[in-house]
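If you want the building blocks of each chain, they are given just below.
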Amino acid sequence: MAKTIIEKIWDTHIVVEEQGKPDLLYIDLHLIHEVTSPQAFEGLRMAGRSVRRPDLCFATMDHNVPTINRQQITDVVAKKQMTTLEKNCEEFGIQLANMDHPDQGIVHIIGPELGLTQPGKTIVCGDSHTSTHGAFGALAFGIGTSEVEHVLSTQTLWQAKPKTMEVRVTGELGFGVTAKDVILAIIAKFGIDMGTGHVIEYTGEAIRNMTMEERMTICNMSIEAGAKAGLISPDATTIEFLRGRRYAPQENFEQFAAEWLSLASDKEASYDTVHVIDAKEISPFVTWGTNPAMGAGIQHTIPTLADCPTEADKVALQQALNYMGLEQGQALQDIAIQHVFIGSCTNARLSDLVEAAKVVEGRQVAKGVRALIVPGSQTTKKQAEELGLDKVFLDAGFEWRESGCSMCLAMNDDSVPAGERCASTSNRNFEGRQGAGSRTHLMSPAMAAAAAIEGKLTDVRKYEMAFV
Ligand SMILES: CC(C)[C@H](C(=O)O)[C@@H](O)C(=O)O
Ligand code: SF4
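Residues numbered from 1 in each chain as written. Chains lettered and ligands numbered in written order. Predicted model: local features only at pLDDT ≥ 70, side-chain atom pairs only at ≥ 80, totals over all residues.

## Section: the overall build of the chain
In step 1: Of the regular secondary structure elements, the chain holds 15 helices and 19 strands.
In step 2: Compactness check: the chain gives a C-alpha radius of gyration of 21 Å against a globular reference of 23 Å for 468 residues, within 12% of the reference.
In step 3: By the burial criterion, 53% of the 468 residues in the chain qualify as buried.
In step 4: Contacts spanning at least 24 positions in sequence make up 77% of the contacts within the chain whose residues lie at least 6 apart. (Helix = DSSP H or I, 4+ residues; strand = E, 2+ residues; numbered from the N terminus. Rg over C-alpha atoms; globule rule 2.2 N^0.38 Å. Buried ≥ 20, exposed ≤ 12 C-beta atoms within 10 Å, placed from the backbone. Contact = placed C-beta atoms within 7 Å.)

Below, the structure is given as C-alpha cells:
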C-alpha cells in the first residue's frame, strides 16, 4: 500500500503495538536544553535509573544564555538551570555544548548544523519547535518534561498515531517573498488550529525549490499551525546539505542517501486532510495581532470589526488591537517600531543573516530604533564574521550578539519594554512574549532589516537591489 513518509517513519519505529492503544516508539535522537530537563534528570536520580542511550542524546544551553557579557548571569534561576544541566550531563555521560563551547547555539539550529538531524529519524526534545528538524524528513516533535524523563530512561515514547495532512504550496514564489512569508500566509489562511491532531507534510513546487534553511523556517512554525509536527520528504537538496557534516554518516554515505530518498512519500499516498495554497497569492507578510494567524501582506490594512464574520472574531480582534495599541483599518506600513530582533530558531541561520545584510548594507538604522542581530549558533556567528556580515550590521548601527534564544522569549536580559513595538523574525507574537507588555510583529529577516532602516513596517520589495 502506498504510504506517506509520516507512516513510513512511524511504522519502522514501533516497539510495542496494541489495538486501540498508543504505540511505543523508538527514539533515534533526544535533544536537550537547560529549561525542560532539570526535573527529568532529578526523576531519574530519585528512581535510581540511568540514561539508557547517552550516545543518542545531545544537550546545549540556549534559552537563558546572555548574548553579551556571557559570564555575567544575574538571574538566579537561569544560572541554576545552566549549572544543573552541566552537572546532569556530566553525571549521566551526555555530550553538552555549554555556553563556552564552539558548537553552542539554539538547539534547533545546531542539530541540523552538526548533521545530527537526519532523514527517517524520530527526534524529540522538550521544546515545541522541535518540528524544525522535520525539514530533513525526520519525524520530530516536542515533548513535556515527564516524557523527557521517559525517553532518557527507556529511549522510547508512548504516542497515539497522528492524522496526516498535506499542505501543498503550488507555483513559484514572487519577488521578495521568503519561506517566512509562506508559513505566515499558510497560518493566516488556514488558522492556528489547522493542524490539530495532525503531522503536516509540506509539498509542492515552491517547497521543492527551497533550500534546507528555508525548509527549516517552514517546519519550525508547524507548531504555530497547531500541528504535532511538520516535515518535508527528503530529496537531493537534503542529501547535499548533510554530506560531510560532522555527525552525518561518513562511510557508506551514498547507501544512506539512497535509503533516505526512499522515505519520500509515495506518489499514490493519500492524506487525511489536504490544504493547497498558491505561491502567487503570497506577498511579504507581517503580523499585526497576538497570534501568528493575525497577519497580512504588508500592502494591506488591519481588518475592521465589520470584516469579522462572528462575534467571537470581533472580540478577538478588539482584544488584540487593545494589546497591540493599534486601530482597526490602519495601514500596516504606518506602524512605527522601536526594536528589531533578527534571531531565533526560525530565522537565525547564515542565509537569514545574509538576506538581512543585503538590505542593510550601506544604510543606517533609523534614529531611536534598537536593532539586535543574534546568530542562531556560534558556528553561524563565526561563518557570518568570515563573510564580514558583523561589520555590515555594526556599521549600520545594529548590535552584534552571541548566540541564543534571546529576545525570542526574553528569558535572558534581552527584552522589549512594555508598550514598545518590535519587528521580530521569531515565531510567536503572544502577549508578553518578548517581555511584559511588549508588542511583537513577526516577519522575515529581510522585512525586519527594512523595518530597522525605516523605523516602521515597510515593504522590502522597495529595496530592489537587495534581491538582484
Ligand atoms: C522553553 C520551551 C519549553 C519553549 C517551547 O517549548 O517552545 C520555548 O522554546 C518557546 O519557544 O516558547
Ligand atoms: S529561539 Fe525561541 S522558539 Fe526557538 S527554541 Fe528558543 S525560545 Fe523557543
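## Regarding the site of ligand 1
In step 1: Close contacts around ligand 1 come from Val 35, Thr 36, His 63, Asp 127, Ser 128, His 129, Gly 142 and Leu 409, and that covers them all.
In step 2: Looking at the shell around ligand 1, its residues break down into two nonpolar, five polar and one charged. (Near = placed C-beta within 6 Å. Nonpolar A, V, L, I, M, F, W, Y, C, P; charged D, E, K, R; others polar.)

## Regarding the environment of Thr 130
In step 1: Along the chain, Thr 130 falls in the loop between β6 (122-125) and β7 (139-142).
In step 2: Judged by the 27 C-beta atoms lying within 10 Å of it, Thr 130 falls in the buried class.
In step 3: Measuring from C-alpha to C-alpha, the distance between Thr 130 and Gly 230 comes to 9.4 Å, with 100 residues separating the pair along the chain.

## A word on the site of ligand 2
In step 1: If you check the shell around ligand 2, you find 13 residues, and the closest are Ser 344, Cys 345, Cys 405, Cys 408 and Leu 409.
In step 2: Two domains share the shell around ligand 2, each providing at least three of its residues, namely domain 1 (5-275) and domain 2 (286-467). (Domains from an automatic or database assignment.)

## Regarding unusual backbone geometry
In step 1: Of note, Asn 252 is a non-glycine position whose phi angle comes to about 55°, a positive value.
In step 2: Turning to its location among the elements, Asn 252 is positioned in the loop between α9 (236-242) and α10 (253-261).
In step 3: Overall, the presence of 10 C-beta atoms within 10 Å leaves Asn 252 in the exposed class.
In step 4: A positive phi angle is found at Ser 406, which is not glycine, with a value near 55°.
In step 5: Mapping Ser 406 onto the fold places it in the loop between β17 (399-400) and β18 (421-424).

## A short note on the domain arrangement of the chain
In step 1: Assigned domains within the chain: domain 1 (5-275) and domain 2 (286-467).
In step 2: If you average the C-alpha positions of domain 1 and of domain 2, the two centres end up 25 Å apart.
In step 3: With 36 residues of domain 1 at the contact, the number on the domain 2 side is 37 residues.
In step 4: Mapped onto the side of domain 1 that touches domain 2, the elements with two or more residues apiece are α4 (107-114), α6 (179-190) and α8 (212-220).
In step 5: With five residues, α6 is the single largest residue contributor to the side of domain 1 that touches domain 2.

## Observations regarding α8
In step 1: Among the nine residues that make up α8, seven are buried, leaving the element largely enclosed by the rest of the structure.
In step 2: Of all the positions in α8, only Glu 214, Arg 215, Met 216, Thr 217, Ile 218, Cys 219 and Asn 220 are classed as buried.
In step 3: Tucked inside the fold, the buried residues of α8 contact α4, α6, β10 (198-203), α7 (205-208) and β11 (229-231).

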